[in-house]
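# What the coordinates show
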There are 2 protein chains.
Amino acid sequence: MVRNILITAGGTSEKIDEVRVISNFATGKLGLAVAKAFLENESMEIGKIYYLCDKSTHAPSHEKVEVVRVSGTQGLLDALKQILSENKIDAVIHSMAVSDYSVRGVTTLEEIQNNGGEVHPGFIEGKISSDIDDLVILLKRTPKVIGEIKKLQEGSLLVGFKLLTNVEKKVLIDTACRLLEKNRCDFVLANDLTQIEGDKHIGYLISADGEYETFSTKQQIAEGIVNSIDEKLRERSHGL
Amino acid sequence: MVRNILITAGGTSEKIDEVRVISNFATGKLGLAVAKAFLENESMEIGKIYYLCDKSTHAPSHEKVEVVRVSGTQGLLDALKQILSENKIDAVIHSMAVSDYSVRGVTTLEEIQNNGGEVHPGFIEGKISSDIDDLVILLKRTPKVIGEIKKLQEGSLLVGFKLLTNVEKKVLIDTACRLLEKNRCDFVLANDLTQIEGDKHIGYLISADGEYETFSTKQQIAEGIVNSIDEKLRERSHGL
């Protein structure tokens, strides 16, 4: 059976003004490795991979990969809505490091103290002047993209990602399990920033039953994800 | 005579926390084009090109190019100090879009209103929690890097860059001339974000006498800069 996959990869950029953005250190390497693992896997026939990423992220170049450039969290959500409502997608690998915050506006410390945090509307049209001393960026929370995916296509498998920094393994696994349950993921890849360096990348691939496999490179993680998806899709088509 | 060149290129990233940064849309393509133009120029013999850029910027790969990865505005300043104090540099092409602001800290709107803008020190250790509603980033101005260059090496030629957004040509040229005078640049490349799209890139290369040449692609700009540097260095060595 031909399978369609959707991968989100790399970081998001949230616009501050015409030239500045809030972005993150996500490189998109794991997303690339997952795309490669799907294309090289021999037991699954891939129809198409939708690859959603920011314009600065390196994307795979392959006839079966349709690269969709998205801008910001809202742009990602819009693209997901369109693709998931118009196409049968067998699995979504949501590895993109989506910004938790977007920019509500820019103001100054003085304005906040005087006016209670009202946004200076003119500031974000064009480029912010460079000669303000106490500039302040006001943030707002972005919608939780991962929570929308199963609502958009119930039957699609979903792999979520949880990145924490310098926590105990138990905390990491527990946090990832909560993400899994809350968003009805089929798998969550849990990883810690302090355990990623160069080719080394410790990752725990947690299944819905709470069991997990441990991997130690991006390639292992990518192949682990693809094998788990393949197995799950086979179980389903055999009605298990 | 063998010439050593220093190019700064691309954008800077200012750290917010362990995973987030404030960066800008600078791609570094103009810096790459300038490096290429120096290497391909037939009338100047290049000894070495020091190429200073952020870790996410694409840098040239060439035996004569030493890529120096810098982190943030302070990192750029530190690298410039070291290279300009230890080496004879004939020209500095400072095309990097240096952030005007770095992060002083992160706090909440409530904290500012209650405590007058004190920074929450714990927030920037590790990764900021994603469940705060009224998060605020406090900024501080970064040191003006361009003003340091002639202080570090008086004899080096200096090309500055001025990018504005959607202004009249006269405003752009006047602003660039002030940058030139203030920082003792030999040339300033003035450009407007609304006149850069794909390969098209309108740029005015202004000399210290206020005259300017107009270019319309990155390659033209790069070659114009290299030719102007070459000419100026020749005049100097002939004692004009």
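Note: the structure precedes this text.
Residues numbered from 1 in each chain as written. Chains lettered and ligands numbered in written order. Predicted model: local features only at pLDDT ≥ 70, side-chain atom pairs only at ≥ 80, totals over all residues. Heavy atoms only, no water.

A few words now on the side chain of S102(A). Note on placement: S102(A) falls in strand β7 (residues 101–108). A relative accessible area of 11% means that S102(A) is categorised as buried. (Helix = DSSP H or I, 4+ residues; strand = E, 2+ residues; numbered from the N terminus. Buried < 20%, exposed > 50% of the residue type's maximum accessible area, 1.4 Å probe, protein only.)

The subject of this paragraph is the packing of aromatic side chains. All names here are of chain A. Under the defined criterion, the tally for this structure stands at two aromatic pairs over all chains. Between Y204 and Y212, the ring centres sit 5.6 Å apart and the planes meet at 80°, which makes this aromatic pair edge-to-face. Given the relative accessible area of 7%, Y204 is considered buried. (Phe/Tyr/Trp six-rings, centres within 6.5 Å; stacked < 30°, edge-to-face > 60°.)

Another point: the pattern of salt bridges. Side chains that differ in charge, positive against negative, can pair when their charged atoms come close. If you walk through the whole model with that rule in mind, you get 24 salt bridges over all chains. When the shortest N-O distance is used, the salt bridge between E40(B) and K36(B) registers 3.6 Å. Here K36(B) and E40(B) lie together in helix α1 (residues 29–40), a separation of four residues that amounts to about one turn. A single network of salt bridges, built from pairs that share partners, joins D17(A), R20(A), D100(B) and K144(B). (Salt bridge = Lys/Arg side-chain N within 4 Å of Asp/Glu carboxyl O.)

This next bit is on unusual backbone geometry. Backbone geometry at N166(A) places phi at a positive 55°, although glycine is not the residue there. Position of N166(A) relative to the elements: it lies in the loop between β9 (157–164) and α5 (169–182).

Moving on to the sheet that holds strand β2 (residues 14–15) of chain A. Ordered in space as β2(A)-β3(A)-β3(B)-β2(B), the four strands form an open sheet in which the pairing is antiparallel. A single partner strand is all that each edge strand has here, and the edge strands are β2 of chain A together with β2 (14–15) of chain B. Inspection of the sheet shows β2(B) paired to strand β3 (residues 20–24) of chain B by two bridges, in the antiparallel sense. In the sheet register, K15(B) faces β3(B), and the bridge partner there is V21(B). (Pairing = 2+ DSSP bridges.)

Time to look at helix α6 (residues 218–237) of chain B. Quick reminder: α-helices carry 3.6 residues per turn. Residues three or four places apart thus point the same way. Residues and elements named next belong to chain B. Compared with an ideal rise of 1.5 Å per residue, which puts 20 residues at 28 Å, α6 spans 29 Å between its outermost C-alpha atoms and is within 8% of the ideal. Listing the buried residues of α6 in full gives K218, I221, A222, G224, I225, V226, S228, I229, D230 and L233. Of the residues trailing α6, G239 is marked for its positive phi of about 70°. (Expected span 1.5 Å × (residues − 1).)

Let's shift gears to the environment of V136(A). Within the secondary structure layout, V136(A) lies in strand β8 (residues 135–141). Once the C-alpha coordinates of V136(A) and E111(A) are considered, the two residues, 25 residues apart in sequence, prove to be 9.6 Å apart. Setting aside chain neighbours within four positions, we find V136(A) in contact with G105(A), V106(A), T107(A), T108(A), L109(A), I112(A), V136(B), I137(B) and L138(B). (Contact = heavy atoms within 4.5 Å.)

Bringing the interface of chain B and chain A into the picture now. With 36 residues of chain B at the interface, the matching set in chain A holds 36 residues. Buried area between chain B and chain A, both sides added, is near 3,400 Å², and the carbon and sulfur share of it is 56%. Per-residue buried area on chain B facing chain A is highest for F25(B), Y101(B) and R141(B); these three make up 18% of the total on that side. Put simply, chain B and chain A have two salt bridges between them. Notably, a salt bridge pairs R20(A) with D100(B), separated by 2.8 Å at the nearest N-O pair. One can count eight residue pairs in polar contact (both at pLDDT 80 or more) joining chain B with chain A. A per-element tally of the side of chain B that touches chain A places strand β8 (residues 135–141) of chain B first, with seven residues. (Buried area = accessible area lost by both parts, 1.4 Å probe. Polar contact = N/O pair within 3.5 Å; in protein donor to acceptor, adjacent residues only side chain to side chain.)

None of the figures reported here should be taken as evidence of function without further support.
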